[in-house]
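Below, each chain spelled out in residue letters.
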Amino acid sequence: MKNKRLILLFLLVTTVATYLPACTNLIVGKNASADGSTIVSYSADSYGLFGELYHYPAGIHKKGTLIDIHEWDTGKYLGRIEQARQTYNVIGNMNEFQVTIGETTFGGRPELVDTTGVIDYGSLIYLGLQRSRTAREAIRIMTELVEEYGYYSSGESFTIADPNEIWIMEMIGKGPGVRGAVWVAVRVPDDCISAHANQSRIHQFDMGDEENCMYSPDVITFAREKGYFSGMNKDFSFADAYSPLDFGMRRYCEARVWSFFNMFTDRGSEFLPYITGESDTPMPLFVKPNRKISVQDIKNAMRDHYEGTPLDLSHDFGAGPYHSPYRLSPLDFEVDGKKYFHERPISTQQTGFVFVAQMRASLPDAVGGVLWFGVDDANMTVFTPVYCCTDKVPSCYSRVDGADYITFSWNSSFWIFNWVANMVYPRYDLMIGDVRASQTEMETMLNNAQSGVEEAALRLLQDDAGAARRFLTDYTNMTAQNTLDTWRRLGQFLVVKYSDGVIRRTKNGKFERNEIGQPAGVIRPGYPEDFLKEYVRQTGDRYKMPE
């Protein structure tokens, strides 16, 4: 039995190591946002994850009802827990009261994984959403659940938000067979921004500030017992105790937080030495931005590849002839016995789904909560509005036609966006302009339509809440389907325009013909000059023309 537990622990830790530099959360307080909304984003970045929109309907349940818990990442059965008497409608990662929860995995100390726990981090998110009306209530429910049933996963950072507050909660188990977890939750000030990206970011916290800080009673004493900490309580750092920093955590993970801070503050150069390893002073958990931030700003931030910074991926040899900001995994590699690495930006090709949550206290919940949702790579997706009252998943965001991670469907948004993106990756500079034009057109149209749609929904809400819910559900479904149809046409356009390494001429979005109606001559773009110079440098005179 002991050997079996060790094997399970090894497999779990190996899986964590494989997917460690995975997800990203960006956070904007309500007084830092352009419209007074709280804003959080989440990209679920994992090879093997099918991008779909989850739905858990509201319900009233008999006392004593039990539900099965399956690990979100693998589908493995973990056990049964008691169902709540009442659960709320959840669409994606937002519930009907605009409560939103995202996560990033930091892993932490592997010996603290409890393979006997019943609730993993993914199940904890969706249980919290089904049972809570505020962010504070979600924190209470989530921590009580792991205390009662045990926490199966490794170290996790959660973003827990509602229209008024945003919290970061970090949690890690206590080891095999030890029920519960140690955790700390800190509220992000309303006028600040924050982020986390697969590394624990809570260091010192104010244990006397009950309004803005919550923590497990043994968060420090447990660290002392395990030998992770021996100083004064005031000097205790959750991150240092439970997730000691290494190179990968700094460069793959904290660098994404740095990039977000660099975009919206004037402190990027101040924090850069921490990312490059020249300083060990960590970045603050939250900072004040230098301007108000819109929902669209966060959509665009989720598309970042360090462009215009010292970590920019698009201008070295690894970018290839067409300056691609993507690198194939794994992130680290070895040549002649020496170890090297690739940068890991916010946007990455292995994303399953991504969202930007907009939560507004100034509006009724049904209208105020919008989960701007997209599938696949954030850089090449289109964020469509999913209202938190939605109770029907758009078929294109489901497992339509049996679609899954290895089953293609022309009716699946996940697969259509993957199809288009994978055409673009090898010839990025040539093709990204076409994608960006369609993306901008679609998102601008959806942004401009938002106020009119919501005014209509508010009028309906005055007389018939059910009618308002149906209206917003229908709008959610319509925009998702229209976006799929547009992207399918874009893919067909790209196949024709760029096939065989040439470019077919277009004008006003249509392919040109000559005076007798035949297709116009093609453009042969060849390779960029900087690539040709490197090509000649590496091949010498092999391809030199005789004089």
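Calculation notes
- Residues numbered from 1 in each chain as written.
- Predicted model: local features only at pLDDT ≥ 70, side-chain atom pairs only at ≥ 80, totals over all residues.
- Heavy atoms only, no water.
- Helix = DSSP H or I, 4+ residues; strand = E, 2+ residues; numbered from the N terminus.
- Expected span 1.5 Å × (residues − 1).
- Bend = angle between axes of the 7 residues up to and from the residue.
- Buried < 20%, exposed > 50% of the residue type's maximum accessible area, 1.4 Å probe, protein only.
- Polar contact = N/O pair within 3.5 Å; in protein donor to acceptor, adjacent residues only side chain to side chain.
- Pairing = 2+ DSSP bridges.
- Phe/Tyr/Trp six-rings, centres within 6.5 Å; stacked < 30°, edge-to-face > 60°.
- Lys NZ or Arg CZ within 6 Å of the ring centre and 35° of its normal.
- Salt bridge = Lys/Arg side-chain N within 4 Å of Asp/Glu carboxyl O.

**Describing helix α6 (residues 247-264)**
If you check α6, its first and last C-alpha atoms are 25 Å apart, about what 18 residues at 1.5 Å a residue would give, namely 26 Å. Of all the bends found along α6, the most pronounced is centred on E254 and spans about 40°. Of all 18 residues in α6, 15 are buried; the element is thus mostly enclosed. You can read the cap of α6 off the contacts: a side-chain oxygen lies 3.2 Å from the backbone nitrogen of G248, and it is on D246.

**Some thoughts on the pairing of strand β20 (residues 370-375)**
Sheet faces and side chains relate simply in a regular strand, where the side chains alternate between the two faces. Taking burial as the measure, the 6 residues of β20 include 6 buried ones, the bulk of the element. What you see with β20 is no split at all: V370, W372 and G374 on one side and L371, F373 and V375 on the other are buried throughout. Pairing of β20 with strand β21 (residues 384-387), which is carried by 4 bridges, proceeds in the antiparallel orientation. Opposite L371, over in β21, you have V386 as the bridge partner.

**Considerations on the packing of aromatic side chains**
A full pass over the atoms with the stated rule returns 38 aromatic pairs. Ring-pair connections join several aromatic residues into one group, and the members of that group are Y42, Y54, Y56, W72, Y121, Y126, F353, F355, F373 and Y397. The cationic tip of R109 hangs over the ring face of Y228; the distance from NZ or CZ to the ring centre is 3.9 Å. Geometry around F222 places K174 over its ring, the cationic atom sitting 6.0 Å from the centre.

**A short note on the pattern of salt bridges**
Inspection of every chain in the model, using the stated rule, returns 24 salt bridges. Between R267 and E270 there is a salt bridge whose closest N-O contact spans 2.9 Å. Its relative accessible area of 48% is what places E270 among the partly exposed residues. Here the salt bridges do not stand alone but share partners, grouping R136, E165, R187, D190 and E211 into one network.

These figures come from the coordinates and say nothing about function on their own.
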